[in-house]
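Examination of the molecular architecture
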Amino acid sequence: EKTGTVTEKVSAMIVERAFGGVTHGPPEKKMGIKCSNTAEVYFENTPVPVENVLSQPGDGFKVAMQILNNGRFGMGAALSGTMRTVIQKACEHATARIQFGSRIDGYGAIQEKIARMSMIHYTTESIAYMVAGTMDSGYEDYQLEAAISKIFASEAAWFVTDEAIQILGGMGYMRSMGLEKVMRDIRIFRIFEGTNDILRLFVALVGIQFAGGHLRELQSAISNPISNFGVVLGEVAKRGKGAIGIGTGNTLADKVHPNLSDSAALTCKAVDAMGQAVEKVLIKHGKGIINEQFILNRLANATIDIYANASVLARCTKTLNEGVESAHHEEMMTKVWCNESYARIMDNLNQLKNPEVLDNFKTMAKISEAVCSKNAPVQGNPLGF
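Going along each chain's sequence as written, the residues are numbered from 1 onward. It should be noted that, the model being predicted, local features are given only for residues of pLDDT at least 70 and side-chain atom pairs only at 80 or more, the latter also being counted only at that level, while totals for whole chains, interfaces and linings use all residues. Only heavy atoms go into the side-chain values, all of them from the structure, while hydrogens and water stay out.

Points about the packing of aromatic side chains
Worth spelling out the cut-off: Note on aromatic pairs: the rings of Phe, Tyr and Trp (six-membered ring only in Trp) are paired at centre separations within 6.5 Å, and the planes decide the class, stacked below 30 degrees, edge-to-face beyond 60, tilted for the rest. Under the DSSP-based scheme used, a helix requires at least four consecutive residues in state H or I and a strand at least two consecutive residues in state E, with every element numbered from the N terminus. For every residue, the accessible area obtained with a 1.4 Å probe (protein chains only) is divided by the maximum for its type, and the residue is called buried under 20%, exposed over 50%, and partly exposed between those limits. Two conditions define a charge sitting above a ring: the NZ of Lys or the CZ of Arg must be within 6 Å of the ring centre, and it must be within 35 degrees of the ring normal.
One pass over the full model with this rule turns up three aromatic pairs. Considering the side-chain rings of phenylalanine 152 and tryptophan 337, the 5.8 Å spacing of their centres and the 70° angle between planes classify their relative orientation as edge-to-face. Of this pair, phenylalanine 152 sits in helix α3 (residues 143-168) while tryptophan 337 is found in helix α9 (residues 327-351), placing the two residues 185 residues apart along the sequence. The class of tryptophan 337 is buried, set by a relative accessible area of 9%. Here phenylalanine 294 and phenylalanine 361 contribute two aromatic rings whose centre-to-centre distance is 4.5 Å and whose plane-to-plane angle is 25°, an arrangement assigned as stacked. Pair noted here: phenylalanine 294 is in helix α8 (residues 293-322) and phenylalanine 361 is in helix α10 (residues 355-374), with a separation of 67 residues, a long-range link. The class of phenylalanine 294 is buried, set by a relative accessible area of 6%. Assessed through its relative accessible area of 32%, phenylalanine 361 is described here as partly exposed. Of note, arginine 190 hangs over the ring of tryptophan 158, and the distance from its end group to the ring centre comes to 5.5 Å. The ring of tryptophan 337 has arginine 344 lying over it, and the distance from NZ or CZ to the ring centre is 4.7 Å.

Notes on the side chain of glutamate 331
Test applied: Identification of polar contacts relies on pairs of N or O atoms within 3.5 Å, with a donor-acceptor requirement for protein atoms, meaning one able to donate a hydrogen and the other able to accept it, and with residues adjacent in sequence counted only if both atoms are side-chain atoms.
You can see glutamate 331 is positioned in helix α9. Under the relative-accessibility criterion, glutamate 331 is labelled buried at 10%. Engagement of the side chain of glutamate 331 in a polar contact is seen with the side chain of asparagine 259, the distance being 3.3 Å.

A short note on unusual backbone geometry
Even without glycine at this site, phenylalanine 100 takes up a positive phi of about 55°. The residue phenylalanine 100 is located in the loop between β5 (98-99) and β6 (102-103) in this model. A positive phi angle, close to 60°, is found at glutamate 193, a residue other than glycine. By the element assignment, glutamate 193 lies in the loop between α4 (179-186) and α5 (196-223).

Some details on the packing of helix α1 (residues 60-96) against α3
Definition in use: Helix axes are fitted only over the stretch in contact, all axes being lines through C-alpha atoms; the angle between N-to-C directions runs from 0 to 180 degrees. Orientation labels follow simple angle bins: below 35 degrees gives roughly parallel, above 145 gives roughly antiparallel, 65 to 115 gives roughly perpendicular, and whatever is left gives oblique. Helix crossings get a hand from a simple test, with the near helix turned counterclockwise from the far one by less than a right angle marking a left-handed crossing and a clockwise turn marking a right-handed one. Polar here means any residue other than Ala, Val, Leu, Ile, Met, Phe, Trp, Tyr, Cys and Pro, which are nonpolar, and Asp, Glu, Lys and Arg, which are charged; Gly is therefore polar.
Interaxial distance between α1 and α3 falls to 8 Å at its minimum, and their mutual angle equals 20°. When the axis of α1 is compared with that of α3, the two are roughly parallel. Along this stretch, α1 crosses α3, giving a crossing that reads as left-handed. Across the contact of α1 with α3, the residue classes break down as 17 nonpolar, seven polar and three charged.

Topic: the pattern of salt bridges
When the charged atoms of two side chains with opposite charge come close together, those side chains can pair. Selection rule: We define a salt bridge as a contact between a side-chain nitrogen of Lys or Arg and a carboxyl oxygen of Asp or Glu at a distance within 4 Å.
Applying the stated rule across the entire model yields 14 salt bridges. Members of the salt-bridge network, linked through shared partners, are Arg84, Glu125 and Arg315.

Here we look at the nonpolar core
Basically, it comes down to this: We call a set of buried residues a nonpolar core when its members are Ala, Val, Leu, Ile, Met, Phe, Trp, Tyr or Cys and they connect through side-chain atoms within 4.5 Å of each other. We call two residues in contact whenever any of their non-hydrogen atoms come within 4.5 Å of each other.
With 77 residues, the main nonpolar core has Phe152, Ile167, Leu299 and Leu349 as its most contacted residues. When residues of this core are assigned to their parent elements, the largest contribution, 14 residues, is made by α8. Setting aside chain neighbours within four positions, we find leucine 299 in contact with Ala204, Ile208, Met274, Val278, Val281, Leu349 and Leu352.

Brief notes about a nonpolar patch on the surface
Let me state the cut-off plainly: Residues enter patches when they are more than 30% accessible in relative terms and free of salt bridges; like-charged ones are connected within 9 Å and nonpolar ones (Val, Leu, Ile, Met, Phe, Trp, Tyr) within 5 Å. Here the open area of atoms and residues is found with the Shrake-Rupley method and a 1.4 Å probe, where only the protein chains shown may cover a residue.
Together, Phe361, Met364, Ile367, Val371 and Val378 make up an exposed nonpolar region whose accessible area comes to about 410 Å². Positionally, isoleucine 367 belongs in helix α10.

Considerations on helix α2 (residues 108-136)
Operational definition: Given the number of residues in a helix, its expected span is that number minus one, multiplied by 1.5 Å.
With 29 residues, α2 ought to run about 42 Å at 1.5 Å a step, and its terminal C-alpha atoms sit 42 Å apart, in line with that. The first or second residue beyond α2 is glycine 138, which carries a positive phi of 100°.

Focus: the environment of glutamate 125
Within the secondary structure, glutamate 125 sits in helix α2. A relative accessible area of 11% places glutamate 125 in the buried class. Once the C-alpha coordinates of glutamate 125 and leucine 79 are considered, the two residues, 46 residues apart in sequence, prove to be 8.7 Å apart. Each residue touching glutamate 125, except ones within four places of it in the same chain, is listed here: Ser80, Arg84 and Arg315. Engagement of the side chain of glutamate 125 in a polar contact is seen with the side chain of arginine 84, the distance being 2.7 Å. In this structure the side chain of glutamate 125 is engaged in a polar contact, spanning 3.0 Å, whose partner is the side chain of arginine 315.

Spelled out as structure tokens, the structure:
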């Protein structure tokens with residue numbers, strides 16, 4: 001440091017094999033993405049020229065995060081293309097397969113699968129476009145959006161591919177159809193560039209950090225209510241409305257197409273409920289919230305759904321305003337998506353205040369401890385052998 005003190009920090013640098021001291025292990029045998037060579041790399045007394053340091057010394061973590069953000073964003077776009085192809089394969093089979101005298105795409109079970117595959121694909125695409133728009137607008141802080149896009153796209157692609165295989169039945173299990181390769185390849189997307197489990201904690205904690213700042217501001221205002229009367233009065237009015245079930249209203253009404261007003265209203269209600277839930281868990285747990293992963297996961301799930309809603313509402317509004325041929329179809333998908341998404345959001349948030357659910361999680365923690373202590377299922381065979 002310029003102060004003369006020594007601080008351990010990570011630096012990023014470009015290392016070439018020609019520098020010497022660089023070796024690697026054998027290629028790993030992986031489940032999928034076999035065209036990507038994966039191996040351990042070893043460095044032993046490898047000299048690196050100072051001009052090969054990226055950014056500044058000590059900026060390694062920042063550089064790594066920028067690389068991860070770009071990688072996470074790219075997943076949403078890439079997996080949207082994967083899902084489009086998978087849906088096409090499923091529909092080709094469903095419209096050609098005759099069972100019980102009718103094409104199977106006429107049966108409700110198959111129709112629900114294809115509809116859900118289509119809606120989740122549409123939402124993944126919409127999120128990818130939304131993140132791209134944020135980046136193109138010049139915003140440098142899009143790490144939260146990129147993380148949401150990565151989580152959503154990787155899980156959506158797995159769901160769509162799994163359902164496509166189910167639609168094809170036994171044929172879907174055959175290598176000749178190509179879907180088993182897709183499934184093996186996309187499994188890694190929920191793991192690399194940051195596992196979805198860790199990214200969910202990241203999504204929740206970033207949002208809570210903002211809410212925590214607001215609460216600290218309010219606490220400061222309350223400590224001197226005379227000079228901060230406007231802040232305190234506004235907060236009292238807002239909380240009073242929330243207590244009797246009055247939210248901020250449909251603040252998106254003038255931002256979306258009139259056909260989507262009801263869907264936008266549901267999203268606004270979800271945002272209000274989310275804000276109240278975050279405040280309550282912060283007041284209850286304080287800084288200890290970082291250790292409450294059961295709560296954080298549910299806050300993250302609600303956040304992801306809210307962002308997904310905003311993305312499809314924005315995209316569908318544009319489509320309706322421009323009179324695109326697929327506008328009515330997109331409107332149907334958006335409405336169903338927002339309706340079901342609202343139910344998921346409220347379910348996740350309601351779990352945070354349900355004593356039975358919270359007790360169940362405490363019990364699950366004990367179950368996990370018992371299984372891990374034995375490194376195997378605890379129960380024996382009920383037949384005694």
